[in-house]
Amino acid sequence: MNNPQLILTPTDFVAITNQILEQALGFVYIQGELANFRIAKNRWVYFDIKDELSKVSCFATVYALPGPLEEGMLIKVAGQPRLHPQFGFSLNVQSIQPTGEGAIKKAFELLKAALNTEGLFDESRKRALPYPPPKVALITSTESAAYADFVKILTYRWPFVRLEVYDSQVQGEVAPAQIIAALSLANSGADLADVLVITRGGGNADDLSAFDDERVVRAIASSRIPTLVAIGHEIDESLSELVADKRASTPSNAAELLVPDKINEIANLNQLKKRLYQNLQATLSLEKNRIANLRQIFISRLDALYNLSKSEICNIRQLITAYNPESVLKRGYALVKTPEGILQSAKDLKVKDRVLVELCDGEFDASVKAVRVKLVE
Amino acid sequence: MKQIKDIDYQKTKAELDEILVWFERSDVSVDDAFIKYKKAEQLLEQLDAYLNDTKTKIDQIIKKSTKS
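In this text, all values refer to a predicted model and were calculated from it rather than measured experimentally.

### Points about the interface of chain B and chain A
By convention, interface size is frequently given as the accessible area that disappears when the constituent parts associate.
And then number 1: Contacts between the two partners involve 18 residues from chain B, matched on the other side by 17 residues from chain A.
And then number 2: Secondary-structure elements contributing two or more residues to the side of chain B that touches chain A are α2 (9–23) and α3 (30–67) of chain B.
And then number 3: Classifying every residue of the side of chain B that touches chain A gives 14 nonpolar, two polar and two charged.

What follows is the structure, given as structure tokens:
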């Protein structure tokens, strides 16, 4: 290039420099302290990354931000060095990650406070998970132990569940983008899962940082499918878990929370069946007793009615028997008949009248010799 | 047995009650009394038979309910 005959225009120089930068460096990773951080028009992000001796100007879009950042934080950026035709040299940053214990914690606390103010962690936003869900979407790394644990426990406890797996890196720079893409894919289409599980096993703060990335947290918050998030161990608290509809302490715990244990369910059902059978038996027995009592009441009433009727008929029989004319004759009385009929008064007789006298066992003709009429007062 | 099935207990008893009322009158003729008495006896037989049949049925029901 050391050729005095070769005179370049500024545009040519910028183009050649960028070509050389791309060939020589390509994508670079720089770790340093964040300085001069500012956001323009809510879209463009400008900052410097520096150490004791040097500083590099950086440019990014807000979409590359993992969350709120503060001056002095230790960050790791990935990007391409570029010479801008008007603004000079800068690093076109694709990803920014807080790094180091202090910076990660600080970034975490800042984002947590901001999201909390927005109400993203409110209990009122939490949706109930269907239990057990017929279909589960799982976002995790299929090479991880967390994946193996989750699937093993889930299918052992409840083999009827349909599992749809979205393989994604769960740590490193590409993890947030892959998790967001998986969330987007799981939330598209007609046959949506009933629950979306995002999980990974334990690790250090840097390993788990993808789940504190603002973009990931917001993607989980806007999931149409209710979410269950289990990141790391019991003591780890990620923002993804806070924003999820439900949190599990570990991948295994996520599987346990998601579905019942088939063996327990069968035992419970058998217990329930037994109780139902006992209740049915008790109800039947009660009803049977009630019917038996009713029958006894009806029989008693029927019997009483019979006895009443019988005694009534018996009384009538006695009365009728008393009225029987033959029984009067049997007691020694006689019927006296004239051609006009039964004689009822001595006044109707004259001397020498002929009468027929009827007794209980026969009759005879008689002639009247005298008539004596009683004087009745 | 045909007689038992055919009779109407209430109607038969009402007829018997009428005869009883007739007997309680003061102007009863002895000739009619014989006829009425015979009729009353016939009705009483029918009612007795009916009630005996009823008793048998009640006994059967009791026996059945004791078994169950």
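### A look at unusual backbone geometry
Residues and elements named next belong to chain A.
And then number 1: In this model, Tyr131 is joined to Pro132 through a cis peptide bond whose omega is -10°.
And then number 2: Along the chain, Pro132 turns up in the loop between α2 (101–118) and β6 (135–140).
And then number 3: You will see that Lys41, though not glycine, has its phi angle at about 50°, which is positive.
And then number 4: A positive phi angle, close to 60°, is found at Asn42, a residue other than glycine.
And then number 5: Of note, Asn42 is situated in the loop between β1 (28–40) and β2 (44–50).

### What about the sheet that holds strand β13 (residues 354–359) of chain A?
All names here are of chain A.
And then number 1: Taken in spatial order, the four strands make up an open sheet running β12-β11-β13-β14, and their pairing is antiparallel. Each edge of the sheet is formed by a strand with only one pairing partner; in this case those strands are β12 (341–342) and β14 (362–367).
And then number 2: Pairing between strand β11 (residues 335–338) and β12: two bridges, direction antiparallel. Residue pairing across strands places Lys337 opposite Ile342, the latter belonging to β12.

### Side note on helix α8 (residues 251–258) of chain A
Residue and element names in this part refer to chain A.
And then number 1: Listed in full, the buried residues belonging to α8 are Pro251, Ala254, Ala255 and Leu258. One face of α8 carries all of its buried residues, which in axial projection span an arc of 95°.
And then number 2: Looking at the buried residues of α8, the elements they touch are β6, α3 (145–157), β8 (195–200) and β9 (227–231).

### Structural notes on the packing of helix α9 (residues 262–323) of chain A against α3 of chain B
And then number 1: Closest axis-to-axis distance for the α9 of chain A/α3 of chain B pair is 10 Å, and the angle between their directions is 160°. It follows that α9 of chain A is roughly antiparallel to α3 of chain B by the angle criterion. Handedness of the α9 of chain A/α3 of chain B crossing: left-handed.
And then number 2: When the residues that make up the contact of α9 of chain A with α3 of chain B are grouped by side-chain class, the tally is 16 nonpolar, three polar and six charged.

### Observations regarding the pairing of β6 of chain A
Residue and element names in this part refer to chain A.
And then number 1: Taking burial as the measure, the six residues of β6 include five buried ones, the bulk of the element.
And then number 2: The pairing of β6 with strand β7 (residues 162–167) spans six bridges and is classified as parallel. Looking across to β7, one finds that Val136 is bridged to Leu163.
And then number 3: Sheet topology places β6 next to β8; four bridges connect them, and they run parallel. Paired with Ala137 across the two strands is Leu196, which belongs to β8.

What counts, and at which threshold
- Residues numbered from 1 in each chain as written.
- Chains lettered and ligands numbered in written order.
- Predicted model: local features only at pLDDT ≥ 70, side-chain atom pairs only at ≥ 80, totals over all residues.
- Contact = placed C-beta atoms within 7 Å.
- Helix = DSSP H or I, 4+ residues; strand = E, 2+ residues; numbered from the N terminus.
- Nonpolar A, V, L, I, M, F, W, Y, C, P; charged D, E, K, R; others polar.
- Pairing = 2+ DSSP bridges.
- Buried ≥ 20, exposed ≤ 12 C-beta atoms within 10 Å, placed from the backbone.
- Arc of directions from axis to C-beta.
- Axes fitted to C-alpha atoms, helices over the stretch in contact; angles between N-to-C directions.
- Parallel < 35°, antiparallel > 145°, perpendicular 65-115°, else oblique.
- Left-handed = near helix turned anticlockwise from the far one by under 90°.

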